[in-house]
Amino acid sequence: MERYVDGNAEAFDGLYRKLSPTLMGYLLRLTRNRARAEDLLQITFTKVHRARGSYLKGAPVLPWAVAIARRSFLDERRAAAVRNEDLSADGSLPEPRAEAPALPTEMSDALEIALQKLPESYREAIELTKITGLSIQEAASVLGTTETAVKLRVHRGYNQLRKELDSFQRTT
Amino acid sequence: MTQKDPLADLAWPGATVAPSDECSKAIRGACTKGLCQQRGVSAMTRGLLTLGLCVLVLAYYFWYAVADHRPSAIVRTGVFGAIGWLGAQAVLVFATLARPPGKRGSRGLRVALLLGVPLAFVGYLHFVSTEQFAFSKFTQGYPAGHAIGCGLVALFFGALVAGGAMIAWRRTDPYSPGISGAIIGMVGGLASGAGMSLACPSHEAFHACFAHGMVVFALAILGFGVGRRMLAP
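These figures come from a predicted structure and were not determined experimentally.

## A word on the overall build of chain A
Now for step 1: A tally of regular secondary structure across chain A gives eight helices and zero strands.
Now for step 2: Mapped in sequence order, the helices and strands of chain A form the string α-α-α-α-α-α-α-α.
Now for step 3: Across the 172 residues in chain A, those meeting the buried criterion constitute 44%.
Now for step 4: Within chain A, residue pairs in contact and separated by at least 24 positions form 61% of the contacts whose partners lie at least 6 positions apart.
Now for step 5: Surface exposure of chain A reaches about 9200 Å², of which carbon and sulfur atoms provide 50%.

## What to know about the confidence of the model for chain A
Now for step 1: For chain A, the average pLDDT comes to 81, and 85% of its residues sit at 70 or higher.
Now for step 2: Taking the mean pLDDT of every element in chain A, the minimum, 77, falls on helix H1 (residues 2-5) of chain A and the maximum, 89, on helix H3 (residues 34-50) of chain A.

## Quick word on the environment of B:Cys200
Now for step 1: Along the chain, B:Cys200 turns up in the loop between helix H7 (177-199) and helix H8 (205-230).
Now for step 2: The contacts of B:Cys200, once residues within four sequence positions are left out, are B:Arg70, B:His146, B:Cys150, B:His207 and B:His212.

## Considerations on the side chain of A:Glu127
Residue and element names in this part refer to chain A.
Now for step 1: Within the secondary structure layout, Glu127 lies in helix H6 (residues 120-131).
Now for step 2: We classify Glu127 as buried; its relative accessible area is 2%.
Now for step 3: Side-chain polar atoms of Glu127 contact the side chain of Arg29, separated by 3.1 Å.
Now for step 4: Residues within four places of Glu127 in sequence aside, it is in contact with Arg29 and Thr132.

## What to know about the environment of B:Gly188
Residues and elements named next belong to chain B.
Now for step 1: Relative to the helices and strands, Gly188 is located in helix H7.
Now for step 2: Overall, Gly188 belongs to the buried group, its relative accessible area being 0%.
Now for step 3: Remark: the alpha-carbon pair of Gly188 and Gly223, spanning 35 residues in sequence, is separated by 9.5 Å.
Now for step 4: The contacts of Gly188, once residues within four sequence positions are left out, are Gly158, Val161, Ala162 and Leu219.

How each quantity is defined
- In every chain, residue numbers begin from 1 and rise along the written sequence.
- As they are written, the chains are lettered A onward and the ligands numbered 1 onward, keeping that order.
- Thresholds applied to this predicted model are a pLDDT of at least 70 for local features of residues and 80 or more for the giving and counting of side-chain atom pairs; totals over whole chains, interfaces and linings are not thresholded and use all residues.
- Side-chain descriptors were evaluated using all non-hydrogen atoms of the structure, hydrogens and water having been removed beforehand.
- Starting at the N terminus, helices and strands are each numbered in turn, a helix being any DSSP run of H or I of at least four residues and a strand any DSSP run of E of at least two.
- Only protein chains enter the calculation, and the probe is 1.4 Å; a residue is then buried if its accessible area is under 20% of its type maximum, exposed if over 50%, and partly exposed in between.
- Whether two residues touch is decided by their heavy atoms; if any such pair falls within 4.5 Å, the residues are in contact.
- Methods summary: accessible areas were calculated by the Shrake-Rupley approach with a probe of 1.4 Å, and residue burial reflects only the protein chains presented.
- Scored between 0 and 100, pLDDT is the confidence that the predictor attaches to each residue.
- Counted as a polar contact is a pair of N or O atoms within 3.5 Å, where, for protein atoms, one must be capable of donating a hydrogen and the other of accepting one, and residues adjacent in sequence contribute only when both atoms are in side chains.

Encoded structure:
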């Protein structure tokens, strides 16, 4: 990151290779839509590029980039919420919603469905700590809350997940 | 029979997904075009810039007080108060915005200071007041007009400090820009509110608390909104 701030284009390639898969995975989990996730990835890197001068030397890069990605997602969602109609690029009406997912047959499907059923705050805390791999402290920074709150959300989220997966195990 | 915990040995979904080549190409193009060295100022310099703005505003208020021949006792009290609150501003800037080499204070500390410091400031203004009108007298005629005038002047100079500090700290906080903005607004309000004790001839309790003290609350709230826009990358 510091070499990129110094104007080294090759350093950006290294940074992009390291950050982009994690950010893309995170954005894809937030949006559940590949095209939107790629748009947001572009917005995120544009913001990283513009804000590189304010990056504090020695600070961890991944939480900084994840926080920018999350804020980009929230801004985009807020903007979409105030639009009256979400037309596609050619001006046609949006496609009807996909049908409800089929019943899970494997544990991984059940986990995905159970994660989607969680309240947003619990899901975000679990995704950042368990899937994206941030520490509790880093996740708290990204979510703009305290470490205790993150631990509490993860704990409560786990309890709900445990119930959902337990019922799946019993039915199979 | 004990049942196995469903979360034990669970295969969590993968964290990484590769973006498409077109997307990667577009990002590389945008982020490496005309790339040049860009070394921003350190957290310490940003903090000192913020405090420098506070000192400038206080110096202006002091100059005004001396030029307008304020009684020396009032100026002396005002100077001690302003210097004391300048210390508080320095602690706020370095403890909550950027402790060298750039760590921010915890969220709990930041929120507690954001709630506690304006109340402490109003308490201080009430404590150093030398007289107190009846509230009905304060809200009518000259006292009310004077309070509105003082409040607007304090708001103007506080906004100058807070605006300058916002520029100094812009795009530095993707985590909680609203809270950082509120703290910057509060620091600007404290500089202007404390400076008004020098420039304003009235040391009446209601006047001091409303006209000089409310600027801290107003700029903290304003800073919260502006900070969300300016301080986030």
